[in-house]
Each structure stands twice: as structure tokens, then as C-alpha cells.
Amino acid sequence: MSHTENDTVGAPPPGDDTAFFGQPRGLLTLSGLEVWERFSFLGMQAILVLYFADTVAHGGMGMDPGNAASVSAAYGTLVYLVSVAGGWLADRILGSYRAVLWGGILIACGHYSMAVPTPTMTWVGLGLISAGTGLLKPNVASMVGKLYRTADERRDAGFALYYMGINIGAFAGPLITGWLGDHKGWHWGFSAAAIGMTFGLIQYVAGRRHLAGRTDAAEYALPPEGLRRAVRLMIVGAVVVAAVAVVLALAGWLTMGRFVDLLTYISVIAPVVYFVVMFKSPRVTAEERGRLKPYLVLFIASVAFNFILFQAYSTMILLASTNAETTILGFDFPAGWYASALGAFEVALAPVVAAVWARMGPRQPHASNKIAIGVVLGGLSFLLMVLPTSGHSDDTYKMAVWWIVGSYLLLGLGDILVETSGMSATTKLAPQAFASQTMALWFLSLALANGIQAQVVKLYGEVSNPAYFGVNGAIAVAVGIAVIALAPWLRRTMHPVH
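(A) Spatial organisation of the overall build of the protein. Looking only at helices and strands, the protein has 18 helices and two strands in total. Radius of gyration (C-alpha) of the protein: 22 Å, near the 23 Å computed for a compact globule of 498 residues. Once the C-alpha set of the protein is aligned to its principal axes, its extents read approximately 65 × 55 × 40 Å. Per-residue burial over the protein gives 55% buried out of 498 residues. Per element, the accessible surface of the protein, about 20000 Å² overall, is 70% carbon and sulfur. A gap of 10 Å separates the mean positions of the 30 positive and 27 negative side-chain charges of the protein.

(B) Region of interest: the packing of aromatic side chains. As enumerated under the stated definition, the model contains 17 aromatic pairs in all. An angle of 25 degrees between the planes, with centres 5.0 Å apart, marks the rings of Tyr97 and Tyr204 as stacked. In this pair, Tyr97 sits in helix 4 (residues 96-114) while Tyr204 sits in helix 7 (residues 186-206), placing the two residues 107 residues apart along the sequence. With respect to class, Tyr97 is no different from Tyr204; both count as buried. Centre to centre, the rings of Phe333 and Trp337 are 6.4 Å apart; their planes meet at 15 degrees, and the pair counts as stacked. Among the aromatic residues, those joined into a cluster by ring pairs are Tyr51, Phe52, Trp123 and Phe190.

(C) Quick look at the environment of Trp442. Considering the arrangement of structural elements, one finds Trp442 in helix 16 (residues 435-456). C-alpha separation for the pair Trp442 and Ser302, spaced 140 residues apart in sequence, amounts to 8.1 Å.

(D) Layout of the side chain of Glu37. With respect to the secondary-structure elements, Glu37 resides in helix 2 (residues 26-53). What Glu37 contacts, discounting residues up to four positions off in sequence, is Ile107, Thr133, Leu136, Lys137 and Met197.

(E) Seen up close, the packing of helix 11 (residues 315-323) against helix 17 (residues 465-485). Running from N to C, helix 11 and helix 17 point in directions that differ by 150 degrees, and their axes come no closer than 13 Å. Compared by their axis directions, helix 11 and helix 17 come out roughly antiparallel. Seen from above, helix 11 lies across helix 17 with left-handed handedness. Of the residues in helix 17, those touching helix 11 at Thr315, Met316 and Leu319 are Asn465, Tyr468 and Phe469.

(F) Focus on the pattern of salt bridges. Applying the stated criterion across every chain, the model contains three salt bridges. Linking Lys137 and Glu34 is a salt bridge whose minimum nitrogen-to-oxygen distance equals 3.0 Å. Taken together, the residues Lys137 in helix 5 (residues 119-145) and Glu34 in helix 2 connect sequence positions 103 residues apart. Of the two residues, Lys137 and Glu34, both sit in the buried class. Arg38 is the partner of Glu37 in a salt bridge, and the nearest nitrogen-oxygen pair spans 2.6 Å. Here Glu37 matches Arg38 in class, with each residue buried.

(G) Quick look at the environment of Ala372. The topology assignment puts Ala372 in helix 13 (residues 367-384). Note: C-alpha distance between Ala372 and Ala482 (110 residues apart in sequence) is 8.1 Å. Apart from the residues within four sequence positions on either side, Ala372 is in contact with Gly480, Val483 and Ile484.

(H) Inspection of the nonpolar core at higher detail. Ranked by size, the top nonpolar core spans 121 residues in total, and within it Met44, Phe52, Tyr162, Tyr204, Tyr338, Ile404 and Tyr408 carry the most contacts. Counting residues per element, this core draws most heavily on helix 2, at 13 residues. Counting six residues, the second-largest nonpolar core is a separate cluster that includes Trp357, Leu377, Ile416 and Leu417.

(I) Up close: the packing of helix 2 against helix 3 (residues 65-94). The geometry of helix 2 relative to helix 3 is characterised by a closest axis approach of 8 Å and an angle of 150 degrees between their N-to-C directions. With respect to helix 3, the axis of helix 2 lies roughly antiparallel. The handedness of the crossing between helix 2 and helix 3 is right-handed. Each of Arg38, Phe41, Met44, Gln45, Leu48, Val49, Phe52 and Ala53 in helix 2 lies in contact with helix 3, whose residues at this interface are Ala68, Ala69, Val71, Ser72, Tyr75, Val79 and Tyr80. For the contact of helix 2 with helix 3, the residue count by class is 12 nonpolar, two polar and one charged.

(J) Broad picture of helix 12 (residues 338-360). For helix 12, which comprises 23 residues, the first-to-last C-alpha distance of 33 Å matches the rise-based estimate of 33 Å (1.5 Å per residue) to within 8%. Within the span of helix 12, buried status applies to Tyr338, Ala339, Ser340, Ala341, Leu342, Gly343, Glu346, Ala350, Val353, Ala354 and Trp357. Two residues or fewer past helix 12, Gly361 is found with a positive phi of approximately 55 degrees.

(K) Fine view of the side chain of Thr122. Mapping Thr122 onto the fold places it in helix 5. Take Thr122: its relative accessible area is 0%, and that puts it in the buried class. Leaving out residues up to four positions away in the same chain, Thr122 has contacts with Tyr51, Met114 and His187.

(L) The arrangement of the environment of Tyr163 in detail. Considering the arrangement of structural elements, one finds Tyr163 in helix 6 (residues 155-183). In this structure the C-alpha to C-alpha distance between Tyr163 and Phe299, which are 136 residues apart in sequence, comes to 19 Å.

(M) Up close: a nonpolar patch on the surface. A grouping of Trp123, Met256, Phe259, Leu262, Tyr265, Ile266, Val268, Ile269, Val273 and Val277 is seen on the molecular surface, where their side chains present a nonpolar patch of about 870 Å² in accessible area. At nine residues, the largest contribution of residues to the nonpolar patch is made by helix 9 (residues 256-280).

(N) Here's a closer look at the confidence of the model for the protein. With 91% of its residues at a pLDDT of 70 or more, the protein shows a mean pLDDT of 83. Least confident of the elements in the protein is helix 1 (residues 5-9), whose mean pLDDT is 41; most confident is helix 17, at 94. Below pLDDT 50 for its whole length, residues 1-9 participates in 14 contacts with residues either more than four positions away or in separate chains.

The rules behind these values
Throughout, a residue's number is its position along its own chain's written sequence, starting from 1. This being a predicted model, a pLDDT of at least 70 is required before a residue's local features are given, and a value of 80 or more before pairs of side-chain atoms are given or counted; all residues contribute to the totals for chains, interfaces and linings. Water and hydrogen atoms were dropped before computing side-chain values, which therefore reflect all heavy atoms in the structure. Strands are runs of DSSP state E lasting at least 2 residues, helices are runs of H or I lasting at least 4, and numbering of each runs from the N terminus. When we talk radius of gyration, it's over C-alpha atoms, and the globule rule is simply 2.2 Å times the number of residues to the 0.38. Only protein chains enter the accessibility calculation, which uses a 1.4 Å probe; a residue whose area is less than 20% of its type maximum is buried, one above 50% is exposed, and one in between is partly exposed. Here the Shrake-Rupley method, with its probe set to 1.4 Å, supplies the accessible areas, and only the displayed protein chains count as covering residues. As used throughout, the charge tally considers Lys and Arg to be positive and Asp and Glu to be negative, leaving His and the chain termini uncounted. Here the site of a charge means NZ on Lys, CZ on Arg, CG on Asp, or CD on Glu. Pairs were defined over the aromatic rings of Phe, Tyr and Trp, the Trp ring being its six-membered one, requiring ring centres within 6.5 Å. Orientation was assigned from the angle between planes: stacked under 30 degrees, edge-to-face over 60, tilted for the rest. By definition in these notes, contact holds between two residues if any of their heavy atoms fall within 4.5 Å. Axis definition: a line fitted to C-alpha atoms, limited for helices to the stretch in contact. Angles are taken between N-to-C directions and run from 0 to 180 degrees. Throughout, the term roughly parallel applies to angles under 35 degrees, roughly antiparallel to angles over 145, roughly perpendicular to angles from 65 to 115, and oblique to all others. A crossing counts as left-handed when the near helix is turned anticlockwise from the far one by less than a right angle, and as right-handed when that turn is clockwise. Here, a salt bridge means any side-chain nitrogen of Lys or Arg that lies within 4 Å of a carboxyl oxygen of Asp or Glu. Among buried residues, those of type Ala, Val, Leu, Ile, Met, Phe, Trp, Tyr and Cys that are joined through side-chain atoms within 4.5 Å constitute a nonpolar core. Only Asp, Glu, Lys and Arg are considered charged, only Ala, Val, Leu, Ile, Met, Phe, Trp, Tyr, Cys and Pro nonpolar, and every remaining residue, Gly among them, polar. Each helix should span, by expectation, one fewer than its residue count multiplied by 1.5 Å. Nonpolar side chains (Val, Leu, Ile, Met, Phe, Trp, Tyr) within 5 Å and like charges within 9 Å form the patches, drawn only from residues with over 30% relative accessible area and no salt bridge. Note on scores: pLDDT gives the predictor's confidence for each residue, bounded by 0 and 100.

This is the structure in C-alpha cells:
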């Protein structure tokens, strides 16, 4: 397709505004991309911790369960830390459309690398996926926000449908990769993830003309001299970091454990620095600065919830593989399939939530209350696990399938409330000059959640399961209740969020 006026101004064709179930047609393109991106990302993540914990003789990495969960969480930390650079590159150099495109290409290359059955290619693949996801995730969510005017009441419903698309991939991915990993080998599962991301790229390019804001340049592009300087600094910085890492690794200092700890430190420092920069930036107005204060509360709520959510792919999968039944009506299934239950619930519940918000219109709960309820549900999903893990004399017990499925039901509903309302509120509260980067800041809350998880999961297997799930769940519930208590102040300060 040749460049047209739409390519220049970034406006979708006329008539697209209500073409997809009353939503802009561009939502179909972006949701389709996320179906395949989540298929590949969560399909791979559903078996990653099992691959790390499996014996070397069986094709795994031979880690103990606590370390396997910690390294898996550290990978998640790296993925979302890189999203900061992804947002900046989109705003200043690439533009959102090209940032998402190149991110998808890197993700696909990473999964193809992991399909090669050697430890070295596993780490190379995880690095490429981290870089690609950092480019894709903050910018594709920002592109969804650009489909709507700020006061458009379809926005939350649109994000719910977008999130339903995400979870179609989250449901299908673990089914395919889990079966292949269990029956053919872990790297066969990684191959399926690679093919899925390739499909996602094809449909993204095919539907590009329906995307609002797709221009040939970044919205806040650097001047030519600034661009050259930024490129030089990035190249030099990458070379220096790589050289230092090699030297420290050869000297025996940079071990896997220390690298995990380093990522946790960065995940704590990065959002603090980022908030300070935005609060002090001369390009942020006083009104925009005022909206960042309630956003900080939402950031903390996101951390508390996602700390629980991400363990659906680490400690919960490990628990399922050792202490949960993997048979229903005589049919045996891989432990990784439990992760699909989370996606299935979100696929089923997301359109219900979207319909409820659309029907309620301006009478729907405030975004902060939606998020708070989601955090409480996340905490309850862990508190539920206290019951089947209590009262056993040893670790040979097997709990019924429905305990973990019930936990994922609570977690899935909470995820819809937190992520759709959180991402939607982020696009409304973002300072204009930091649009993509503020979405990256939301993903930094995910990095911090993973960074904390990378340390806490080391206790998994060291303390009793009832204590582990009970304490972590209680903390999340307490955070949710605190956000509810702050609701009057949040309603006053979060305009134009309703």
C-alpha cells in the first residue's frame, strides 16, 4: 500500500469510529496484535518456570523451585524496566507505530532463539523478548488511548474489549505451549510462541490504516543534532554495559543471584526517579502535575495487585505441578494448563464488565474504586489457597483442581478491574509531553511488582504454604482497603477521570 494522506496525518479512514462493536476499527487491529503477543509471551511464561525447575536430564535447567521462580520474576522485571526506554524511543525517535512494529520483530526473534535447545540461546532469547516487549507494550496501549477523545465514555469499555483480546491469547498460549512442553519438549513450546508472534506482526501491518495517530515521525521528535547525540550515547552505553557485564561475569562477581538482586534495586529506583522527573519537568503544567499525585496511589495499588498476579505463572504453577490434581474426568493435562484458566476467565468476564460499564455510563464506579476492588480480589485469591494447603503432615497431598481454578477466577476478575481501569486512567492522567512514557510508568509498576516478587518467592518452599499465601494475600487486601478509604480525595483530584 502506498503512502496516503492518512499515513501523513495519522487519521483512520472515515466510518471507522464505530465499526468494531461500537468501537473504533483500530481497536480490532491492536487487540489482534495483543492476542498473538500474549499468546507468545504468556504461553512461554506458563512453561518457563517449569523449564527452569526441570532436571537437566529431562531438558530443563535444574534450578530449585525458589530460584526458578525468582529468575522467572527477574525476567519479568527486565521486560517492564525496558518499557521506559520503549516509551522514550516512541516519543522522541520512532513514533508509536514503528516502535510497536520493531518491538514485535524483536519478540519474534527472541522466541525463535529460545526454540534452539541450548542454555545460551535461552538467555539470548529472553534478552531479545525483554527488549521487544519494552518497545511494544507501553506504546500499543497508548495507541489504544489515541482512538478516543478524553471525554469519550466508550474508553473504559474499549479498554475492556482490548483486554479481552489480550486474554484470548493468554488462554490459548498455555494450552499449546503447555502440551508441547509436556509431550514434545520445552523448546517445542517456545517454537509455538515464536510462530504466534509472527502471526501477530502480519495482522498488525495489514490493519495499519485503521490506527489513529500513526504518523511517519515521533510526536515529540528530537532535533537532528539531538537525535545523532542520542544514538551515539545509546550505542556507547550498550557497549560499555556489555563490556562491564562480561568482565564482572568472568571475575565471578556477576552471578545469577546478584543479577536478580540488581534488577530488584533498579525496579525500586527507576519509578522514584521517573516520578521526580515528571513532577519537576517544565513541560508539565500545574494542572497535569496535580493529576500525578493521585496517579501515585494507583501506581502503588498496581504494584500490590500485580505482585499477586504474576505469581500465577510462578509459585502457583509450581504448586500445581506438585500438589494439585492434573486429571479431570479421566483426562490428564499438563500443569501449565492451569495458567489458561486465568485467561479463560478474563475472556469470559471482560465483555461482561465492558457491557456493565457501557450500560451504567456516567453512573459507573470511579476508576479508583474499580482498581481498589480488583486489588482486594487479588489478595483474596491468595487467601483462598490457605485452605487446601493447611492441615497436611507432609507435602505429598493433592488438592482438587477447583481450588486453583477458583483462585484464578478471583484473580481474573481482579485483573480486568485493575488493568483496564489503570491503563485507561493512565492515558487520561498522562502529561501531554510524556504520553507514551507515562504509560511506560504504569508498566514500571509491573517491573516493581516483579522485582519484589523476585525476592519474596525465594521463601517459597522455605516457609509453609499457608503462611506464604496467607501473608501475601492479606497485604494485598489491606492495600485495596486503603485505596477505598482514599476514594473521596481521589475523586476530587483525578479529573477528567470519572
